[in-house]
Amino acid sequence: MLKDEGTFGTIECHLSRVNPHWKDLAEGGEAMMIFQGPDGYITPNWYATKAATGKAVPTWNYAILHAYGRPEVMKEKHWLLATSRSFPTNRKRSEPHPWKVSDAPASYIDVMLRSIVGFPLRDHPSRRQVEE
């Protein structure tokens, strides 16, 4: 989830406690998250140079984002619950009846919250530039 905090926003996420990567993030070093967007084949037929000279080759177009920051460990139940409540709302808007945390029994949610570690990833001043 992306929140409007910090210069470039804050990404809120979580990892399972059984995933050893959370311990690396907890050390407080810089982290990078990679988001891959749409991609697709670009045919040479779309280029005017193909019709004019035949000098065109196929390629692949894509979008990707590298987000850098320093993760902060969040184990507090209220933070994990708030983040868990907002995530499905943002991701399942197209569903007629999107899943909500309140759909599951509270005792089950308590167990699930104890099995994750949260991480807000705030932008890092040394990386405030656009990479090409």
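Check the entry above for the structure.
Residues numbered from 1 in each chain as written. Predicted model: local features only at pLDDT ≥ 70, side-chain atom pairs only at ≥ 80, totals over all residues. Heavy atoms only, no water.

With that out of the way, let us pick up empty space enclosed by the protein. Unoccupied space between atoms shows up once a probe the size of one water molecule is rolled over them. Taken as a whole and assessed by the stated rule, the structure comprises 1 cavity of 30 Å³ or more. Volume-wise, the largest cavity comes out at about 30 Å³. C13, H14, W79, L80, T83, S84 and I116 are the residues that line the largest cavity. Contributions of two or more residues to the lining of the largest cavity are made by strand 2 (10–16) and helix 3 (77–91). In terms of residues, the lining of the largest cavity owes the most to one element, helix 3, which gives 4 residues. Along the lines of polarity and charge, the residues of the lining of the largest cavity split into 4 nonpolar, 3 polar and no charged. (1 Å grid on protein atoms, 1.4 Å probe; cavity = no way out; pocket = protein on both sides within 12 Å on 5 of 7 lines; lining within 4 Å. Points joined across faces, edges and corners; volume = space filled by probe spheres on them. Helix = DSSP H or I, 4+ residues; strand = E, 2+ residues; numbered from the N terminus. Nonpolar A, V, L, I, M, F, W, Y, C, P; charged D, E, K, R; others polar.)

Here we come to the pairing of strand 4 (residues 59–71). Where strand 3 (residues 31–42) lies against strand 4, 10 bridges are found, and the strand directions are antiparallel. Opposite M32, over in strand 4, you have Y68 as the bridge partner. (Pairing = 2+ DSSP bridges.)

Take the environment of V73 next. By the secondary structure assignment, V73 is in the loop between strand 4 and helix 3. Along the sequence, V73 and L121 sit 48 residues apart, while their C-alpha atoms lie 9.5 Å from each other. Excluding its chain neighbours within four sequence positions, the residues that come into contact with V73 are A26, V117, G118 and F119. (Contact = heavy atoms within 4.5 Å.)

This is a description of form; function is not addressed.
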